[in-house]
Amino acid sequence: MRWRLLPSLDLEQISRTRCLLLGAGTLGCNVARCLLGWGVRTITLVDNSRVSYSNPVRQSLFVFEDCIGDGKNKATAAAEALKRIYPGVNAQGVSLTIPMPGHPVSASAVEQVKQDVQQLEELFDQHDVVFLLLDTREGRWLPTVLGASKRKLIMNAALGFDTYMIVRHGMKCSSADAAAIDTGLKGSLGEAIPGSQLGCYFCNDVVAPGDSTKDRTLDQQCTVSRPGMSMMVSALIVELMVSVLQHPDGAYATADTSARDAHLTAEVTSVLGLVPHQIRGFLSRFYHLMPSSFAFDKCTACSPMVLSEYEAKGFDFLLKVFNEPNSYLEDLTGLTQLHQQSHELDVWELSDDDSLSP
C-alpha cells in the first residue's frame, strides 16, 4: 500500500534495506524501533555487553526480566524484543567485540581479534546501511574504514549532555559509480558538496583515535545525556537515512546545508526533503545546524592512504593500528608532518618593548 500523500515514496526500497546497528544501548534500541516503524525488515544488532538493572528505563527494548542473573546479552535481548513487537521482522543479535585503536592486542588474543574482524567484515558484506551507535570515538574507527572500503552507507550518531551530532559519511566513488552519477559536479568552498566528497566522522580531526577510557573512572567513561535526547537523535538519523535512500543519487546525494539559511529556499530533490551531511543539535536552545565538510585527504579513517593499506594488508595493517595508533596512523596519513609544519609556522608576537637577545 502506498501513502496517498506521497505516492512516489518507494516503500519497497525501504523494506528491503538491510540495516546493521553497531551498539544495542540507548541509541541502538530507539533506532531499531524507528526502523521497524518505517517497514525495515532486516535488522541486525551488535553488542558485547549485558543488560544491567539501570538499562530498561532508558533503553526501550529491555525489561526488568532481562537483567536478572548475569543479564542477557544486549544484542540478543533487543532482537528478541523486536520479534515480539513484529514477528515478521528478520532480527538478529550478535555478541561481538569491535577491536579499537589504542586498545593493544596481546599475543594470546590475536587469533580471537582476527576472528572478530572477519565476522565484522562479513556483517558489512551482508548489509546495506550501517549505524554507528557506539560509546567511544575509537570504537567507530574500524567500522568507518570498513564502510569506506566496502562502499556502505554509514550513519553515525554521537551524544553529549545536551548536544548531539548526526553524520552520514561520504560514499567513496568507484570507477563504475562515477559513470552512473554526475561526475561533472565538483564541490568547492561556499557551494554544495557532492556525496562522494563528503567527510566522515574523523575528517575534522588532526589526531589519531586512541584509548579514550584510559585513566578515567566509570562515571567519566559514561556519557550522561538528557533522557529525551536519544529518542530525538534516533528519529533524526533514521529519517535522514530514509531521505537519502529516496534521493535519485542515493548515498551520493549532494549535501544540503543551513549556511546562509539556504535550507529554507533550497529546491529539494528527495521526495522527503533535504538530505544534509550533518545535523548538529543544541537541546538547551532547541536549535539545529546543518553544516557540511569535505573529506580530509589526511583522515585517519577514510583517506586513500588508509584504505589502500587496509585493502592491501588486511588484518596485519589493522593489528598495527590497534597496538600503536598515534604514531603509525599519523605517520601514514601525513598528520605527523602537518603537526611539524604547524609548529614551525608558530609566530611569536613581540611587543614594542620586547627585544631579541643576541
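Not measured: the values here are computed from a predicted model.

Observations regarding helix α5 (residues 141-150)
Part 1 of the reasoning: Within α5, 9 of the 10 residues are buried, which leaves the element mostly enclosed by the surrounding structure.
Part 2 of the reasoning: Of all the positions in α5, only Trp141, Leu142, Pro143, Thr144, Val145, Leu146, Gly147, Ala148 and Ser149 are classed as buried.
Part 3 of the reasoning: Positive backbone phi, approximately 55°, marks arginine 151, located one or two places after α5.

Let's talk about the packing of helix α4 (residues 110-125) against helix α10 (residues 315-323)
Part 1 of the reasoning: In the contact formed by α4 and α10, the axes pass within 11 Å of each other and the chain directions differ by 115°. Taken as a pair, α4 and α10 cross one another with a handedness that is right-handed. Packed against α4, whose contacting residues are Val110, Val113, Lys114 and Val117, the element α10 presents Phe315, Leu318, Leu319 and Phe322 at the interface.
Part 2 of the reasoning: A breakdown of the residues in the contact of α4 with α10 according to their chemical character gives 7 nonpolar, no polar and 1 charged.

Here we look at the pattern of salt bridges
Part 1 of the reasoning: For the structure shown, the criterion picks out 7 salt bridges.
Part 2 of the reasoning: Measuring nitrogen to oxygen at the nearest pair gives 3.8 Å for the salt bridge that ties aspartate 297 to lysine 298.
Part 3 of the reasoning: A relative accessible area of 48% means that aspartate 297 is categorised as partly exposed.
Part 4 of the reasoning: The class for lysine 298 is partly exposed, based on a relative accessible area of 24%.

As for helix α3 (residues 74-85)
Part 1 of the reasoning: An ideal rise of 1.5 Å per residue puts 16 Å on 12 residues; α3 measures up with 16 Å between its terminal C-alpha atoms.
Part 2 of the reasoning: Where α3 begins, one side-chain oxygen reaches toward the backbone nitrogen of alanine 75, 3.0 Å away; that side chain belongs to asparagine 73.

Observations regarding the pairing of strand β7 (residues 278-282)
Part 1 of the reasoning: In the sheet, strand β6 (residues 163-168) pairs with β7 via 5 bridges, with the strands oriented antiparallel. Bridged to isoleucine 166 within β7 is isoleucine 279.
Part 2 of the reasoning: Here β7 pairs with strand β8 (residues 287-289) via 3 bridges, running antiparallel. Bridge pairing links phenylalanine 282 to tyrosine 287 in β8.
Part 3 of the reasoning: Here β7 folds back onto β8 in antiparallel fashion, the turn holding 4 residues, of which phenylalanine 286 has a positive phi close to 50°.

Some thoughts on the environment of leucine 21
Part 1 of the reasoning: Mapped onto the elements of the fold, leucine 21 is located in strand β1 (residues 18-22).
Part 2 of the reasoning: Leucine 21 sits in the buried class, given a relative accessible area of 0%.
Part 3 of the reasoning: Along the sequence, leucine 21 and leucine 45 sit 24 residues apart, while their C-alpha atoms lie 4.7 Å from each other.

Examining the environment of cysteine 19
Part 1 of the reasoning: By the element assignment, cysteine 19 lies in strand β1.
Part 2 of the reasoning: The class for cysteine 19 is buried, based on a relative accessible area of 0%.
Part 3 of the reasoning: If sequence neighbours within four positions are ignored, cysteine 19 has contacts with Leu35, Val40, Thr42, Ile43, Thr44, His127, Val129, Phe131 and Met241.

Remarks on the sheet that holds β7
Part 1 of the reasoning: Ordered by their spatial adjacency, 8 strands build an open sheet running β3-β2-β1-β4-β5-β6-β7-β8, and the pairing between neighbours is mixed. In this open sheet, the two strands that pair with only one neighbour each are β3 (90-94) and β8. The average angle at which neighbouring strand axes cross in this sheet is 15°, direction not considered.
Part 2 of the reasoning: Sheet strands in contact with α3 are β2 (42-46) and β3, and its direction is about 165° off that of β3.

As for unusual backbone geometry
Part 1 of the reasoning: Even without a glycine there, the phi angle at arginine 151 is positive, about 55°.
Part 2 of the reasoning: On the secondary structure map, arginine 151 appears in the loop between α5 and β5 (153-159).
Part 3 of the reasoning: Note on arginine 151: relative accessible area 37%, which makes it partly exposed.
Part 4 of the reasoning: In this structure, phenylalanine 286 takes a positive phi of about 50° despite not being glycine.

Here's the deal with the nonpolar core
Part 1 of the reasoning: In terms of nonpolar packing, the biggest core is built from 53 residues, with Leu21, Leu35, Ile43, Leu45, Phe131 and Met241 touching the most fellow members.
Part 2 of the reasoning: In terms of residue count, helix α8 (residues 229-245) provides more of this core than any other element does, 9 residues in total.
Part 3 of the reasoning: Setting aside residues up to four positions removed in sequence, phenylalanine 131 forms contacts with Cys19, Leu20, Leu21, Leu22, Val31, Leu35, Met155, Ile237, Val238 and Met241.
Part 4 of the reasoning: Of all hydrophobic cores here, the second largest spans 43 residues; its members include Val105, Ala158, Tyr201 and Tyr328.

Observations regarding the packing of aromatic side chains
To describe a pair of aromatic rings, you give the distance between the ring centres and the angle between the ring planes.
Part 1 of the reasoning: Enumeration according to the criterion identifies 4 aromatic pairs in this entry.
Part 2 of the reasoning: Residues tyrosine 53 and phenylalanine 64 carry aromatic rings whose centres are separated by 5.5 Å and whose planes lie at 50° to one another, so their mutual orientation is tilted. In this pair, tyrosine 53 is assigned in the loop between β2 and α3 and phenylalanine 64 in the loop between β2 and α3, connecting sequence segments 11 residues apart.
Part 3 of the reasoning: Arranged with centres 6.3 Å apart and planes meeting at 45°, the rings of tryptophan 141 and phenylalanine 317 form a pair that is tilted. You can see tryptophan 141 sitting in helix α5 and its partner phenylalanine 317 sitting in helix α10, a full 176 residues away along the chain.

Some points on the confidence of the model for the protein chain
Any residue range with low pLDDT should be treated as having predicted coordinates unsuitable for detailed reading.
Part 1 of the reasoning: On average, residues of the protein chain score 88 in pLDDT, and 85% of them are at 70 or above.
Part 2 of the reasoning: Long-range and interchain partners of residues 181-189, a stretch whose pLDDT sits below 50, account for 15 contacts in this model, where long-range means more than four residues apart.

Side note on the packing of helix α2 (residues 26-38) against α8
Part 1 of the reasoning: Remark: α2 packs on α8, axes separated minimally by 8 Å, with the N-to-C direction vectors making an angle of 45°. Classed by the angle they form, the pair α2 and α8 counts as oblique. Judged by the sense of rotation from one axis to the other, the crossing of α2 with α8 is right-handed. Two secondary-structure elements touch here, α2 through Thr26, Leu27, Asn30, Val31, Cys34, Leu35 and Trp38 and α8 through Ser230, Met231, Val233, Ser234, Ala235, Ile237, Val238, Glu239, Met241 and Val242.

Cut-offs used in this document
The residue numbers shown here count from 1 along each chain, following its written sequence. In keeping with the predicted nature of the model, local features appear solely for residues at pLDDT of at least 70, side-chain atom pairs appear and are counted solely at 80 or more, and the whole-chain, interface and lining totals rest on all residues. Excluded from the side-chain calculation are hydrogens and water; included are all heavy atoms of the structure. For every residue, the accessible area (1.4 Å probe, protein chains only) is compared with the maximum for its type, and the residue is labelled buried under 20%, exposed over 50%, or partly exposed between those bounds. The helix count covers DSSP runs of H or I at least four residues long, the strand count covers runs of E at least two residues long, and both are numbered beginning at the N terminus. Each axis is a line fitted through C-alpha atoms, and for a helix only the stretch in contact is used; angles between axes span 0 to 180 degrees, taken between their N-to-C directions. Crossings are assigned a handedness: left-handed for a near helix turned anticlockwise from the far helix by less than a right angle, right-handed for a clockwise turn. When checking whether two residues touch, look at their non-hydrogen atoms; a contact exists if any pair is within 4.5 Å. Gly counts as polar in this scheme, as do all residues outside two lists: the nonpolar Ala, Val, Leu, Ile, Met, Phe, Trp, Tyr, Cys and Pro, and the charged Asp, Glu, Lys and Arg. Note on definitions: salt bridges are taken to be side-chain nitrogens of Lys or Arg within 4 Å of carboxyl oxygens of Asp or Glu. A helix is expected to reach a length of 1.5 Å times the quantity of its residues less one. N or O atoms closer than or at 3.5 Å make up a polar contact, with two conditions inside protein: a donor-capable atom paired with an acceptor-capable one, and, for residues adjacent in sequence, both atoms drawn from side chains. Note on pairing: two strands pair once DSSP finds at least 2 bridges between them. As used here, the term nonpolar core means buried Ala, Val, Leu, Ile, Met, Phe, Trp, Tyr and Cys residues forming a set that is joined through side-chain atoms within 4.5 Å. Note on aromatic pairs: the rings of Phe, Tyr and Trp (six-membered ring only in Trp) are paired at centre separations within 6.5 Å, and the planes decide the class, stacked below 30 degrees, edge-to-face beyond 60, tilted for the rest. Each residue carries a pLDDT score, the predictor's own confidence in it, on a scale running from 0 to 100. Here roughly perpendicular refers to angles of 65 to 115 degrees, roughly parallel to angles under 35, roughly antiparallel to angles over 145, and oblique to all remaining angles.

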